[in-house]
Amino acid sequence: MKTYPKLHSAIDRFLGESEPGVLSIKGHWGVGKTYTWSKYISELKGRSKEFSKLKQRNYAYCSLFGQQSIADVKGTLFGSLKPIFEKEGKSKSWFKKRGKGLLEGLDGAGIPLLGSIQGTDQLAKLILEKSIKNLVICFDDLDRKEPVLTDSAFLGLVTGLRDLKNCKVVLLYNDDVVENEEDSNVVFKSFMEYREKVVDHEFAFRPTPDECFEIAFKGNKLGISLNASDERSQAVAAALRPLRLNNIRILKKVRNALEYFTEILQKTYPKSLSNNYSQIVKHCAIYYRHGSELKLKDILSYTPYRLALANKKTEEDPKEKRLLELLKSYDYHHVEFDSLIEDYLRNGYIDTAKYQQLLGDIEKRQDYSELQSEHSKHWHALSDNFSVSGEDFICEHQAFLEQHYDEVDIFSMEAALLAINAVGGDINVFGFMDKRLRAVIKGVSSLETIRDKARRGSKELLEYYEKIFWEVRQPLPIDEVISKMTKDGGWNPADSIDLEPLSEDDFHEYFTRTDDPDLTTKIKELRSRLLHNNPNGKEILNKVDSALRKIAERSAIDALRVRNYIGKGILTNPDGEQPAEDEA
């Protein structure tokens, strides 16, 4: 880490000078100015001999954020007083010495210590004046100074501490704010004007993104390191490095998010997690870095479809153009997992039960992707070169298919078996696939679905598929089929598949034994749909009408029912040709 030793050396030189002075340490927001300074002061305790000539043996710290007056600043300095080089075990003796000096000062000033409490304000001021001298003082957050604390008053205090109180003063600030002369809202307008008179030494603190990462991720629970070879570290490094992120606060938030998601997902959904480490990094970086201009809903709204259409809109909308450029700079692409990241950023936690289905689907897709990747290696053994023999290809590829029998999709399996046979194998393709095909068909009720599933395979696969379908499938009862076909909004021509094997007698038995109060209405609707919306409907319709004519022959009332409430063309057209008026 090259930047930190340089800063340490600069502070060493500053403290090593015999004269008091003012050192400014400037840097961008979040790069670790306060962290580095505090670490330096802490480590200075053990260097007493090295700094034996340093006159300022005590230290005080004050952040200007929230300070309303010079009195507030002095009070904060007094409250933070501590020895630089004394060990903690000796702190009581230090306070004893300081207290004795203060009492002697009060006695010399003629302020009574007993009896009346008159002169309390004078007492407080005197204590402050007597205490705040010969110190190393750090003023932090100049860029966050309250407007009520005037620039001139504060700069006067700093020069007074240096010139009259023999103090060494360190100023920490964000130069993006304090030194931005073009910004009319700059907090510390007078600083640039009087900097030459106030500041004796300056140091621009510019740690690299890698140095900031080391601080932010030091001791992380996941063992993530930029230069490590494990998959997790490489994913994080690949996402972070192009961002050039040197804000330690944001990096720590990214680290917290990575640790949180790992804790709640690692055991149950490990692949969903590992696939989205880079997404967590990018999403958090965008949110914490640009949250003032880009809201969560904006990030999530940039689906691939919207990004594809955004170019036209950006010419008309500058805001849209800015958002699009920002997201592209992060190489951000919307994925399903983003909804979990959004919940975490919005609420600080996620409800895994809410995303159970989504996470389960991601796991399955990743399993399949890994399987396909492994399977492709066997295909490369066939296509890439001449090093693998036919025997090895057959043996290894067949072993893979047997090992992953229930996972390889049927089309890949068929293609693999045909390839094995093409190079000398002797496998009964559909004998090998029979159990797998039956498992796929189980629960499928439509032949059209089977045909759709098999469209990527060979003609022979489709034929074998259909053959098994009729062997395996359990047909629905006739009443369920008719109810399904005549239900409003539930119609599908493929639903009639279970009616195809039925005979005239089957329909006759059902029509005469059921007491369904809507039977005639359902039969009328069934006939209409069979006639107009089904490729195999006419053959089924002929069986239905034959059964109805047979019922009409039983009695005059049955004939009236068929003619008036189902269709009069049934009795006048025995060939099933229904006249137009029968449809009315």
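Up top is the structure these notes are about.
Residues numbered from 1 in each chain as written. Predicted model: local features only at pLDDT ≥ 70, side-chain atom pairs only at ≥ 80, totals over all residues. Heavy atoms only, no water.

## Looking at the overall build of the chain
Threshold: Secondary structure elements are taken from DSSP: a helix is a run of H or I of four residues or more, a strand is a run of E of two residues or more, and numbering for both begins at the N terminus. Type-normalised accessible area, obtained with a 1.4 Å probe on protein chains alone, sets the label of each residue: buried when under 20%, exposed when over 50%, and partly exposed for intermediate values. To measure how exposed things are, a 1.4 Å probe is used in the Shrake-Rupley method; for residues, cover is taken only from the protein chains shown.
Secondary structure summary: the chain contains 29 helices and six strands in total. Within the chain, the proportion of its 584 residues that are buried is 43%. When the accessible surface of the chain is totalled, it reaches about 31,900 Å², and 50% of it is carbon and sulfur.

## Examining unusual backbone geometry
Only a minority of non-glycine residues have a phi that is not negative, and only a minority of peptide bonds are not trans. Positive phi is not limited to glycine here, since aspartate 141 has a value of about 60°. With a phi angle near 50°, aspartate 331 is a residue other than glycine that sits in the positive phi range.

## So, the environment of lysine 354
For clarity, the cut-off: Two N or O atoms form a polar contact when they lie within 3.5 Å of each other; inside protein one atom must be a possible hydrogen donor and the other a possible acceptor, and for residues adjacent in sequence the pair counts only when both atoms belong to side chains.
With respect to the helices and strands, the residue lysine 354 is situated in the loop between helix H17 (338–347) and helix H18 (356–383). For lysine 354, a relative accessible area of 55% puts it in the exposed group. When the C-alpha positions of lysine 354 and leucine 340 are compared, they lie 9.5 Å apart, and in sequence the two are 14 residues distant. In terms of polar contacts, lysine 354 uses its side chain to reach the side chain of aspartate 343, at 3.3 Å.

## What about the packing of aromatic side chains?
Note the threshold: To pair, rings of Phe, Tyr and Trp, with the six-membered ring standing in for Trp, must have centres within 6.5 Å; the planes then decide the type, stacked if under 30 degrees apart, edge-to-face if over 60, and tilted in the middle.
All chains considered together, the criterion is met by 14 aromatic pairs. Ring centres of phenylalanine 261 and phenylalanine 337 lie 5.7 Å apart, and the angle between their planes is 50°; on these two criteria the pair is classed as tilted. Here phenylalanine 261 is found in helix H11 (residues 248–265), whereas its partner phenylalanine 337 is found in the loop between helix H16 (318–329) and H17, with 76 residues between them in sequence. For the residue pair phenylalanine 261 and phenylalanine 337, the accessibility class agrees, reading buried in each case.

## A few points about helix H28 (residues 556–565)
Given 3.6 residues per turn, any residue in an α-helix points the same way as the ones three and four places further on. Note the cut-off: This arc describes the spread of directions from the helix axis toward the C-beta atoms. Note on definitions: a residue-residue contact is assigned when non-hydrogen atoms from the two residues lie within 4.5 Å.
Among all positions of H28, only Asp558, Ala559 and Val562 are buried. Viewed along the axis of H28, the buried residues span an arc of 100°, placing them on a single side of the element. Those residues of H28 that are buried lie in contact with helix H27 (537–552) and helix H29 (569–572).

## Re the packing of helix H26 (residues 519–532) against H27
Test applied: Only C-alpha atoms enter the line fits that serve as axes; for helices the fit covers just the stretch in contact. Angles between N-to-C directions range over 0 to 180 degrees. Roughly parallel refers to an angle under 35 degrees, roughly antiparallel to one over 145, roughly perpendicular to one between 65 and 115, and oblique to any angle outside these ranges. In a left-handed crossing the near helix is turned counterclockwise from the far helix by less than a right angle, and in a right-handed crossing that turn is clockwise. The residue classification treats Ala, Val, Leu, Ile, Met, Phe, Trp, Tyr, Cys and Pro as nonpolar and Asp, Glu, Lys and Arg as charged. All others, Gly included, are polar.
Viewed as axis vectors pointing N to C, H26 and H27 meet at an angle of 150°, and their least axial separation amounts to 8 Å. In terms of axis orientation, H26 runs roughly antiparallel to H27. As for how H26 packs across H27, the hand of that crossing is left-handed. Across the interface between the two elements, Ile523, Arg527, Leu530 and Leu531 of H26 pack against Gly537, Lys538, Ile540, Leu541, Val544, Asp545 and Leu548 of H27. In terms of residue class, the contact of H26 with H27 is built from seven nonpolar, one polar and three charged.

Nothing here speaks to function; it is geometry throughout.
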